[in-house]
Amino acid sequence: MEAPINIIVGSHVWVEDSEEAWIDGEVLEINGRKAKIQTTNGKTVVVDVSNAHPKDTEALPGGVDDMTKLAYLHEPGVLHNLSTRYELDEIYTYTGSILIAINPFKRLPHLYDSQMMEQYKGATFGELSPHVFAVADAAYRVMVNDGISQAILVSGESGAGKTESTKMLMRYLAYMGGRGVTEGRSVEQQVLESNPVLEAFGNAKTVRNNNSSRFGKFVELQFDKNGRISGAAVRTYLLERTRVCQVSDPERNYHCFYMLCAAPPEDIEKYKLGDPRKFHYLNQTNCYELDGVSDAEEYLLTRRAMEVVGISSEEQEAIFRVVAAILHLGNVDFSKGNDTDSSKPKDEKAMFHLKMAAELFMCDAKGLEDSLCKRVIVTRDESITKSLDPVAAATNRDALAKTVYSRLFDWLVNKINISIGQDPNSKMLIGVLDIYGFESFKTNSFEQLCINLTNEKLQQHFNQHVFKMEQEEYTREEIDWSYIEFVDNQDILDLIEKKPGGIIALLDEACMFPRSTHETFSQKLYQTFRNHKRFSKPKLSRTDFTIGHYAGDVTYQTDLFIDKNKDYVVAEHQALLSASNCSFVAGLFPPLPEESSKSSKFSSIGTRFKQQLQSLLETLSSTEPHYIRCVKPNSLLKPGIFENQNVLQQLRCGGVMEAIRISCAGYPTRRTFDEFLDRFGILAPGVLDGSYDVKTANKKMLDKMGLQGYQIGKTKVFLRAGQMAELDARRSEVLGNSAKIIQRKVRSYIARKEFLSLRNAAIHLQALWRGNLSRKLYSSMRRDAAALRIQKHVRRYQAQKSYTQLRLSAIVIQAGLRAMDARNEFRFRRQTKAAIIIQAQWRGYSAFAYYKKLNRAANIFQCAWRGKVARKELKKLKMAARETGALQEAKTKLEKQVEELTWRLQLEKRMRADLEEAKGQETAKLQSALQEMHAQVKEANDLLAKEREAATKAMEQIKPVIKETPVVVVDTAKLEILTKENEKLKDLVNSLEKKVDEAEKKYVESEKLSEERLKKAKEAETKVEQLKGSLQRLEEKLSNLELEDKVLRQQSLVKSPIKTFSESFITRVTQTMENGHHEPIEVTPVKDIPSDVPAIKEQAEIENKPPKPLHDRHENIDTLIKCVSQDIGFSQGRPVAACIIYKSLFHWRSFEADKTSVFDRIIQMIGSAIENQENNDVLAYWLSNTSTLLFFLQRTLKATGAAGITPQRRRSSSTLFGRMTQGFRSPSSLGLPFGTGGMIAGLDSVRQVEAKYPALLFKQQLTAYVEKIYGIIRDNLKKEISVLLSLCIQAPRTPRANAVKISRSQANASTQQASNNHWQSIIKSLTNLLQTMRGNYVPCILVRKVFTQIFAHINVQLFNSLLLRRECCSFSNGEYVKAGLAELELWCCEAKEEYAGSAWDALKHIRQAVGFLVIHQKPKKYLDEIAHDLCPVLSIQQLYRISTMYWDDKYGTHSVSPDVIASMKMLMAEDSNDALGNSFLLDDDLSIPFSVDDISKSMQETDLSDINPPSQLLENSAFHFLLPCTL
């Protein structure tokens, strides 16, 4: 990297520090090439200008998620960015396409849940926050779209989190790759479950990691053409075999040894194991246990994992028997034998372990001893047996242990691959390479050389990939890159692996010679590579050598190089173990070819490793690579600690700094045209006058600055290293000059403000003094005025007092005079009144006397007149005597009437006992009898009146005769007799009238009593009916639940909701009615029913008619289906199709049918109608119809046997009154079937039908269709607005570059218009759906639920995008989203609560998040205020995420204070065990948020009586029952 050339006084720079690696400071002064810098830790240092790197003071406080966006791409900038993000728990960062993952050493479950995987599914790489899922998704997408195999290389040192990152990659690929199932388990599950087995036998504790993988692993996930996982394979590289025999303190051997020593007592006894301190292979170190890890539990978990991957219990037994044998083999010590250079087991203890090893290997103990202590040398002529000394025997023992363990590990890997299964037809794969990182310890042996060789190879591959990506970037931008230099590490690879002449070749050559030692090998290296620039010899060592790797110099100790490189299999070991009685052990050592079995076969570990490495690189070369660099932030393995030196070293070892060097060799700084003009437009204001386009404006500005070597691409500006610093220096100078101008203006403003303040003070002081003088003058004038006023009031008081006295005197005189005059007047009036009274009394007396006189005269006149009248009456009575016969007949008739009335009263008394049975009939009879009695009485009165009129006429006719005939005394006696008889007749008539009145009273009383009893009976009957209804509903619900359970069990026989239920019964339906057979309902005849109810007989006749033929029913069903399959509209807000279907089914009694096909036909019709799932109009129409029909069924149907006391037929009452009341109460008994008038009073007044299984299944299927149509409409709208939501989450920026073409106001207007268009499109979509659903009269509850879920979807999408995309978490973006939410709120208000419901409340997360983004003075807010007042709905994790990602692109303000951030982290640490509590993303609700009961309760009672059926149905006489009822 070039050194920056423009550092001025006041610049902020990075300088090297022995403790912090790099530390920032401010330049105080510059003397030549030396700069004096004040660092942030208070120190003052003097450094060379070339060693100082500029710091970006405008960097975001939370860092950048892609380090290619850094203004200065150098070591301190990269380190600071990673440290800043690590403090915020942002553990992933991009460097181009490379992902850097820093181990947090704590659980972050919210980063790896299913919600997060769903967010990254299909997202463009770099669109969301950096994540391991993004790398996996990018690899998967390229593989599926382009058909190119992919490889993901995960590297890092021990403890950096490589294994966990690999697991996360596997999880995501399994999530995307579907279900490749083998033996009941998916392929990805088996691959993940194989990790515990490989970790137990291939991982060990090292200095830096408690679970370090001591082998390289390349997992191949194979995919079919559909992108589904079809197979997998695990490839391993370079297991560290020497660890079996040699362990350095404080490390441990492989985990499996310690697990076996901690096994259950029966296993320990069986294998004769115990404390690991007793075994030589384990006691070379003082570390036997791991903190927080139980080896006993790990042993059981490993056994279970082995079962999962398909290792049988017998194979497990054999595996651990081999592991135990290796431990016993390590305790076999040797001493000198009887012969020269011979050896034997040292003592009885060694012999015991030898026999135990032989027993566990199931081989001959003597043969095992001979194979360890002797060696057979095969010559051309003969075989020679040579004894080995104790040292050689121990080496031979260790070679056997390493060989057995290596073969065991290879067998495990092969077994896992067999268990998983591979797909031979797979053309695509994604490989995940989990391999050890670069290693450099105090003591570095042959393993470190091989590991570092691997990393050199991978680094070369990595460099080529980075260089290729750089080339692609330059080519895409069409810039010249031919002169960019590329630094390769091929010379180091040649130094190590070149053949002949490389280090490994020389080591193989040394291993071929028996007398070679590490000293001779070292000298050979010194002679061969003494002039190599990458090779050097330490001054204080005779056998060590140093290689300059890309990550730094590493010194290797050659003491054990030769022994560790040997990988031969001793022929005696091969023969002994291949002949083992244990098939498992024998399988580890298959027979060798005859020529190779005669002697020990030498093979080099280095050579074999080179071959494996070459095979791995060939595989990687055939794939498109992706890189993940894992970093361990500290050596303490604790969270929250970031050690700069340690991280920087790992970045160098991981090749990140090498990639930066490659970038710096070209154009490390690249900015888009808009960003570049936004930052540096102030350097050349002239180019922003609108005369140039964006590209030309950038070029003009750079030319004006005099820069050389830059490049202008199609969309970006590319700068050489150091040019960004130069531009920033000039920008700082311009800003400094501007600041001086601003300061000058401000100072002038302050001085003028002070002057004005002084002047105003003087003016104010003068005003106060003048005011004081004025107040004194005013006080004097006020006193004068007060004296004048006092004098005036005194004079006025005196004058008023004199006037008052005179006035009172006048009033007294006037009062006396008026009183005297009043007394005189009173006296006169009293005298006048007395005279009037006297006059009145006299006049009264005179009038009374005159009245008495007139009264006496009148009486005398009246007596005379009455005598005259009596004589006339006598004449009339004599004439009436002649008509006695007629009167006698009237008497007889009246007596008969009395007798009849008496009989009727007695009859009424007898009928009272039966009053409850025949109330209606008795009432009618009593009314009729009363009318007849009234008529007879009226006739009798009329007859008497006629007789009197006739007698009067006769008297008038005989008046002359009477006058001429003299009066006889006998006639007077007869007249008296007739008068008496007449009076008797009158008495009789009066008595009869009294009896009639009494009868009427009794009748009225009985009628009242009857009405009261009838009322009580009706009330009792109503209560009984209510109780029966309640009991029936409860039993119906219970029966429905039981039947629905039965239906659900039987639905397994139905393949789909559209499949007909009766397909299996078609062959048996020919002899049965299509809607089931019903017996005629018994109708008890009702006597004395008024003749004005003719519909009763008509209905009875209809009900007793025989059922229609089967072919007629089928024709009717076809006609019905054909009619309702069309859009027949709505009638007064009610869907006609649903009403017609329901009325037809009820009329046909299909609900009570045991077998029917009508339900299946309806379901098929609905299914075919909604096949086009894109047409919301059709879907809304059928949602309205299906929900309404479901509402009818819910109110009408009840399960058979739900109410055990209610039979299928209607019961007829045994009493006349009961039959009458039942007949009037039941709609069907009046000829009013439900379909034609039964719903006049609403659905509650209709009897419920005992539904059979087909009807209940139809109800279940109809419910499923309601839910399905609802879900389709909801998902259609979600799809429609999802594209718009992605445009609404980020506010369109109006950069400074827009000023090149248009003015700022025009730019703002166009930006505002573009942003409003997206929100208006969403509003339009919502409005269209609302209008569609309202136009189709969809129930309001469904409309509310749809929009509530849609708004919840908007809330989830906006909120999750806000948390995953840093560019969205800004102040201006918050204002933009807030404006859009205001549009949604306005829409909710216009839609009203009837349709919007709680939709606005569903946006609570995004509303509060946006509200937090746009509030001012965030650093002054406390956590309680934020969590409880501003954002009570948001969790601490969500608040932390927003607070750390926030940046103010409008005013440059900061987020919340560090104390609040620390408090949030503390609360998050307390809740870290709660996986759900740590998830900051929201889930989209895909459930169906309503039930059938909800629909039933929300819909109003519907009157079907006035539904007009379509004309095509009315043409068919079979559908005349659909006509509206007219009574």
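Criteria and thresholds
- Residues numbered from 1 in each chain as written.
- Predicted model: local features only at pLDDT ≥ 70, side-chain atom pairs only at ≥ 80, totals over all residues.
- Heavy atoms only, no water.
- Phe/Tyr/Trp six-rings, centres within 6.5 Å; stacked < 30°, edge-to-face > 60°.
- Lys NZ or Arg CZ within 6 Å of the ring centre and 35° of its normal.
- Helix = DSSP H or I, 4+ residues; strand = E, 2+ residues; numbered from the N terminus.
- Buried < 20%, exposed > 50% of the residue type's maximum accessible area, 1.4 Å probe, protein only.
- Pairing = 2+ DSSP bridges.
- Axes fitted to C-alpha atoms, helices over the stretch in contact; angles between N-to-C directions.
- Contact = heavy atoms within 4.5 Å.
- Nonpolar A, V, L, I, M, F, W, Y, C, P; charged D, E, K, R; others polar.

1. Section: the packing of aromatic side chains
Step number 1: Enumeration according to the criterion identifies 37 aromatic pairs in this entry.
Step number 2: Relative to Phe1159, the ring of Phe1151 lies with its centre 6.2 Å away and its plane at 15 degrees, an arrangement referred to as stacked.
Step number 3: Each residue in the set Phe446, Phe521, Tyr526, Phe529, Phe535, Phe545, Tyr556 and Phe561 is aromatic and connected to the rest through ring pairs, giving one cluster.
Step number 4: For Arg252, the ring lying beneath its charged end belongs to Tyr258, and the centroid distance is 3.9 Å.

2. A few points about the side chain of Arg252
Step number 1: Along the chain, Arg252 turns up in the loop between strand E14 (229–237) and helix H7 (255–261).
Step number 2: A residue is classified by how much of its surface remains accessible, and Arg252, at 0% relative accessible area, is buried.

3. With respect to the pairing of strand E26 (residues 716–719)
Step number 1: Of the pairings in the sheet, the one linking strand E24 (residues 669–672) to E26 comprises 4 bridges and is antiparallel in character. From the neighbouring strand, Arg670 faces E26, where its bridge partner is Phe718.
Step number 2: Where strand E25 (residues 711–712) meets E26, 2 bridges bridge the pair, whose relative direction is antiparallel. Opposite Gln711, over in E26, you have Phe718 as the bridge partner.
Step number 3: Linking E25 back to E26 in an antiparallel pair, the connection comprises 3 residues.

4. Comments concerning the packing of helix H12 (residues 365–373) against helix H13 (residues 390–420)
Step number 1: Between H12 and H13, the least distance of the axes is 8 Å, while the angle of their chain directions is 115 degrees. Mapping the contact onto sequence places Leu368, Ser371, Leu372 and Cys373 in H12 and Ala393, Asn396, Arg397 and Leu400 in H13.
Step number 2: Of the residues belonging to the contact of H12 with H13, the class tally is 5 nonpolar, 2 polar and 1 charged.

5. Some thoughts on unusual backbone geometry
Step number 1: Residue Pro250 follows Asp249 across a cis peptide bond; omega there is 10 degrees.
Step number 2: Summarising the element assignment, Pro250 is placed in the loop between E14 and H7.
Step number 3: Residue Pro500 follows Lys499 across a cis peptide bond; omega there is -5 degrees.
Step number 4: By the element assignment, Pro500 lies in the loop between helix H15 (490–497) and helix H16 (503–512).
Step number 5: One non-glycine residue, Gln1417, lies in positive phi territory at about 55 degrees.

In short, the description is geometric, and any link to function would need to be established separately.
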